[in-house]
Amino acid sequence: LSEEQREVLFPQIQEQALAWSVVEVGVDEIDELNILQATLLGMQRAVESLSPAPLLALIDGNRAPALQCEVRTIVQGDRLEPAISAASILAKVTRDRLMEDFHRRFPCYGFDRHKGYPTAEHLRLLVENGPCAIHRKSFAPVRHALQRELLPAHSPESM
């Protein structure tokens, strides 16, 4: 779906869903846990915050968090299962809006264009500007940029 289509569907999903929840897992937690474990933690938090509590959680992919209800994983679930598609739209729109906010705070990174994904542009801007507060230190390009920042300015190694 295009960004415009997702934006149209976002409030419709919120209005028509029996329950919905979107949670944010912070960059520090992601760095501490790793991206997979942080994703599973986010899913767990989102499902646990639902009211009424679900009897079944459909999870996109082949890994699922520990939940108090029955869990079914569906590979390519966002294409095959409407409930997962709706959850993906809520998550993507929320993330895109967050990236727009980050762009206003850190305009030199172009978050409004690449939405935080490791595009060629984002990687180039990361090298040019060094990482900012929202970059995951555990992500290899950020780790490398941080290592470059530790080198003395204008030393042969930094060129």
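This is a predicted model, so every value here is computed, not measured.

## Thoughts on the overall build of the protein chain
- When its secondary structure is counted, the protein chain shows eight helices and two strands.
- For the protein chain, the α and β elements follow one another from N to C terminus as α-α-α-β-β-α-α-α-α-α.
- In terms of overall dimensions, the protein chain has a C-alpha envelope of 60 × 35 × 25 Å along the principal axes.
- For the protein chain, contacts bridging at least 24 residues in sequence account for 32% of all contacts bridging at least 6.
- Of the roughly 10,200 Å² that the protein chain leaves accessible, carbon and sulfur atoms contribute 56%.
- A gap of 3 Å separates the mean positions of the 17 positive and 22 negative side-chain charges of the protein chain.

## Some details on helix α7 (residues 120–129)
- Those residues of α7 not exposed but buried are His122, Leu125 and Leu126. All buried residues of α7 lie within an arc of 105° about the axis, which places them on one face of the element. Those residues of α7 that are exposed and angled more than 90 degrees off the buried face are Ala120, Val127 and Glu128.
- Just downstream of α7 lies Gly130, where phi reads positive at about 75°.

## Structural notes on the environment of Leu58
- Tracing the backbone shows Leu58 in strand β1 (residues 56–60).
- For Leu58, a relative accessible area of 25% gives the class partly exposed.
- In the structure, Leu58 is positioned 33 residues away from Ala91 in sequence and 15 Å away in space, judged by C-alpha atoms.
- If near-sequence neighbours (up to four positions away) are discounted, Leu58 is found in contact with Arg72, Ile74, Glu81 and Ile84.

## Considering helix α3 (residues 35–48)
- The end-to-end C-alpha distance of α3, which contains 14 residues, comes to 20 Å, matching closely the 20 Å that a straight helix rising 1.5 Å per residue would cover.
- For α3, the complete set of buried residues consists of Ala38, Leu40, Leu41, Gly42, Ala46 and Val47.
- Tucked into the core, α3 has its buried residues touching α2 (27–33).

## Some details on the side chain of His103
- Within the secondary structure layout, His103 lies in helix α5 (residues 82–105).
- When its relative accessible area of 18% is taken as the criterion, His103 is described as buried.
- Among residues more than four places away in sequence, those in contact with His103 are Gly110, Phe111 and Asp112.

Criteria and cut-off values
Residues numbered from 1 in each chain as written. Predicted model: local features only at pLDDT ≥ 70, side-chain atom pairs only at ≥ 80, totals over all residues. Heavy atoms only, no water. Helix = DSSP H or I, 4+ residues; strand = E, 2+ residues; numbered from the N terminus. Contact = heavy atoms within 4.5 Å. Areas by Shrake-Rupley, 256 points an atom, 1.4 Å probe, with all protein chains shown as cover. Lys, Arg positive; Asp, Glu negative; His and termini not counted. Charge placed at Lys NZ, Arg CZ, Asp CG, Glu CD. Buried < 20%, exposed > 50% of the residue type's maximum accessible area, 1.4 Å probe, protein only. Arc of directions from axis to C-beta. Expected span 1.5 Å × (residues − 1).

These figures come from the coordinates and say nothing about function on their own.
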